[in-house]
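Here is how the chains run, residue by residue.
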Amino acid sequence: MTAHSFGGPWTMIKLDLLARYLAFFNTALQHRPSPEQPFTRIYIDAFAGTGECDINMGDGLRSTIAGSAKIALDTAPAFDRLHLIDFNPKHVAELRGLVASPGDIDRVSIYHQDANEALNEIIQKTQWRSTRGVLFLDPYGMTVRWDTLQKVAATKALDVWYLFPLSAVYRQAAIDFNKVDEGKAAALDSVLGTTEWRTAFYSDSQQESFLDDGKSSARRTAGPAEITSFVHARLCEIFKGWVSAPILLPERGGPPMFALFFAVSNPAEPAVKLSKKAADHLFDMLKNQRIGKTSSGVALPSQGDFF
């Protein structure tokens, strides 16, 4: 099997949240809008990996756990359809082996494509009036384009878990604006969907915008917290249901690397109320640290706490 090694203890946190939400989602919607004509329930994993992940737990310890694709395949009640996407051919081969059983073959589609292109294809071919789903976005760097998020939000049918690549953004947004070359600026424009980060993240250190040599005097004054707030506000503009406050991961050991958002695209009050109630419950369990701590300092709820 191809080893898929990444992340740390925070990886367990995001996957635990995902697993619990998927179980809730399918339980809550299995007889909606009616037992006779329930929604088709779908799961989309835009960066599905191999089905397993080998994570660094610190102090030389590693742990192999089920990845998001395996979690979704094993969710009960089951999804009607699953769409698993990955650009890495070795990952795709592992995913195909993961869904070798006859029951899974009939309900799983695997895409060896760029995530943005595959998501566009799925969105276009799905009848959203009779479909509800969950999308998991755990990207490889800054690869999710803002126009893709806009298309996702426009379905008004997808709940989205988005692990935003916070550290990648503040690495591209250099402290000295002059070091943000065209490539870095284009990448930031794409992931944030606007050029407004230039004024939101930077301010001039002098009265004049440019020094005598024509270079900008702007310095980045936005840190991880300000960048996260900017992203949250941007997401709220397109997801008309609800966008959670972010969970910053990891919580200890330097600046956060990721901001985990939960976004509801369906603006209907019953849908928002249902999804928000579940997400708030999960977030409260983490915040209150009800059950023991991971090595990252964040509590994980025990089995059975959710239902």
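Remember, it's a predicted structure, so these values are computed and weren't measured experimentally.

## Regarding the overall build of the protein
Moving on, step 1. Along the protein, the regular secondary structure elements total eleven helices and twelve strands.
Moving on, step 2. Carbon and sulfur atoms make up 52% of the accessible area of the protein, which amounts to about 14300 Å² in all.

## A look at the packing of aromatic side chains
Here the distance between the centres and the angle between the planes together describe a pair of aromatic rings.
Moving on, step 1. Inspection of every chain in the model, using the stated rule, returns 16 aromatic pairs.
Moving on, step 2. Note on Tyr21 and Trp161: the rings are 5.7 Å apart at their centroids and 70° apart in plane angle, and the pair reads as edge-to-face. With a gap of 140 residues between them, Tyr21 in helix α1 (residues 9-29) and Trp161 in strand β7 (residues 158-164) connect regions that are remote in the sequence. There is no split in this pair, since Tyr21 and Trp161 are both buried.
Moving on, step 3. When the centroid spacing of 6.1 Å and the interplanar angle of 65° are considered together, the rings of Trp242 and Phe262 count as edge-to-face.

## A few points about α1
Moving on, step 1. Between its first and last C-alpha, α1 extends 31 Å over 21 residues, near the 30 Å set by a 1.5 Å rise per residue.
Moving on, step 2. When you tally the buried positions in α1, you get 18 out of 21 residues, the bulk of the element.

## Describing the side chain of Thr155
Moving on, step 1. Tracing the backbone shows Thr155 in the loop between α6 (146-154) and β7.
Moving on, step 2. Within polar-contact distance, the side chain of Thr155 engages the backbone oxygen of Val152 at 2.7 Å.
Moving on, step 3. Beyond its immediate sequence surroundings of up to four residues, Thr155 is in contact with Ile123, Trp128 and Ser265.

## As for the pattern of salt bridges
Moving on, step 1. Applying the stated criterion across every chain yields a total of eleven salt bridges.
Moving on, step 2. For Lys125, the salt bridge is made with Glu121, and the minimal N-O distance between the two is 4.0 Å. Remark: Glu121 and Lys125 occur in helix α5 (residues 115-125); sequence separation between them is four residues, near one turn of the helix.
Moving on, step 3. Residue classification places Glu121 among the partly exposed positions, given a relative accessible area of 33%.
Moving on, step 4. If you follow the salt bridges from partner to partner, you end up with Glu117, Arg145, Asp147 and Lys151 in one network.

## Observations regarding the nonpolar core
Moving on, step 1. The biggest cluster of nonpolar side chains holds 51 residues, and the ones touching the most others in it are Leu137, Phe164 and Phe201.
Moving on, step 2. Not counting residues up to four positions away in its chain, the partners in contact with Phe201 are Val169, Ala173, Leu192, Arg219, Arg220, Thr221, Ala222, Ile227 and Phe230.
Moving on, step 3. If you look at the next biggest cluster of nonpolar residues, it comprises 45 residues, including Ala48, Ile71, Phe262 and Val264.

## Considering α5
Quick reminder: α-helices carry 3.6 residues per turn. Residues three or four places apart thus point the same way.
Moving on, step 1. Among the residues of α5, those classed as buried are Ala115, Asn116, Ala118, Leu119, Ile122 and Ile123. Buried residues of α5, seen end-on, are gathered within an arc of 165° and therefore sit on one face of the element.
Moving on, step 2. Structurally, α5 contributes buried residues whose contacts are with β1 (40-45), β4 (81-85), β5 (108-111), β6 (131-137) and α6.
Moving on, step 3. The N-cap residue of α5 is Asp114: its side-chain oxygen and the backbone nitrogen of Asn116 are 3.0 Å apart.

## So, the environment of Leu249
Moving on, step 1. Note on placement: Leu249 falls in strand β11 (residues 247-249).
Moving on, step 2. Relative accessible area serves as the criterion here: at 1%, Leu249 is assigned to the buried category.
Moving on, step 3. Beyond its immediate sequence surroundings of up to four residues, Leu249 is in contact with Trp10, Ile13, Leu163, Pro256, Met257, Phe258 and Leu260.

## Some words on the confidence of the model for the protein
Moving on, step 1. For the protein, the average pLDDT comes to 88, and 86% of its residues sit at 70 or higher.
Moving on, step 2. In the model, residues 289-307 has pLDDT below 50 throughout and makes 50 contacts with residues more than four positions away in sequence or in other chains.

## Structural notes on the environment of Ile44
Moving on, step 1. Mapping Ile44 onto the fold places it in strand β1.
Moving on, step 2. Residue classification places Ile44 among the buried positions, given a relative accessible area of 0%.
Moving on, step 3. Separated by 91 residues in the primary sequence, Ile44 and Leu135 have C-alpha atoms spaced 4.7 Å apart.

## Thoughts on the packing of α6 against helix α10 (residues 224-238)
Moving on, step 1. Here α6 crosses α10 at 40°, and the two axes come no closer than 9 Å. Relative to α10, α6 is oriented oblique. Residues Trp146, Leu149, Gln150 and Ala153 of α6 lie in contact with α10, whose contacting residues are Arg234, Leu235 and Ile238.
Moving on, step 2. In the contact of α6 with α10, the residues fall into five nonpolar, one polar and one charged.

## Observations concerning unusual backbone geometry
Moving on, step 1. Geometrically, the link from Arg32 to Pro33 is a cis peptide bond, its omega value of 0° lying close to zero.
Moving on, step 2. Following the sequence through the fold, Pro33 ends up in the loop between α1 and β1.
Moving on, step 3. The peptide bond linking Leu249 to Pro250 adopts the cis configuration, its omega dihedral lying at -15°.
Moving on, step 4. Its place among the elements puts Pro250 in the loop between β11 and β12 (258-264).

Parameters at a glance
- Throughout, a residue's number is its position along its own chain's written sequence, starting from 1.
- Residue-level local features of this predicted model are given only where pLDDT is at least 70; pairs of side-chain atoms are given and counted only at 80 or more, and the full residue set underlies all totals for whole chains, interfaces and linings.
- For side-chain calculations, the full set of non-hydrogen atoms in the structure is used, while hydrogens and water are omitted.
- Put simply, DSSP H or I for four residues or longer makes a helix, DSSP E for two residues or longer makes a strand, and each gets a number counted from the N terminus.
- Note on areas: Shrake-Rupley with a 1.4 Å probe; residue coverage comes only from the protein chains shown.
- Any two rings among Phe, Tyr and Trp, with Trp reduced to its six-membered ring, count as a pair given centres within 6.5 Å; such a pair is stacked if its planes are under 30 degrees apart, edge-to-face if over 60, and tilted if neither.
- Exposed residues in this analysis have more than 50% of their type's maximum accessible area, buried residues have under 20%, and partly exposed residues fall in between, with area computed by a 1.4 Å probe over protein chains only.
- One less than the number of residues in a helix, times 1.5 Å, gives the span that helix is expected to have.
- We define a polar contact as two N or O atoms separated by no more than 3.5 Å, with the added condition that, inside protein, one atom must be a possible hydrogen donor and the other a possible acceptor, whereas residues neighbouring each other in sequence contribute only through side-chain atom pairs.
- Between two residues, a contact is recorded if the distance between any of their heavy atoms is within 4.5 Å.
- For salt bridges, the criterion is a side-chain nitrogen of Lys or Arg within 4 Å of an Asp or Glu carboxyl oxygen.
- To qualify as a nonpolar core, a set must consist of buried Ala, Val, Leu, Ile, Met, Phe, Trp, Tyr and Cys residues joined through side-chain atoms within 4.5 Å.
- Relevant arc is that of directions from the helix axis to the C-beta atoms, nothing else.
- Think of pLDDT as the predictor's per-residue confidence, scored from 0 to 100.
- Angular values range over 0 to 180 degrees, each being the angle between N-to-C directions of two axes fitted as lines to C-alpha atoms, with helices fitted over their stretch in contact.
- Here the angle decides the label: under 35 degrees means roughly parallel, over 145 means roughly antiparallel, 65 to 115 means roughly perpendicular, and every other value means oblique.
- In this classification, Asp, Glu, Lys and Arg are treated as charged, Ala, Val, Leu, Ile, Met, Phe, Trp, Tyr, Cys and Pro as nonpolar, and every other residue, Gly included, as polar.

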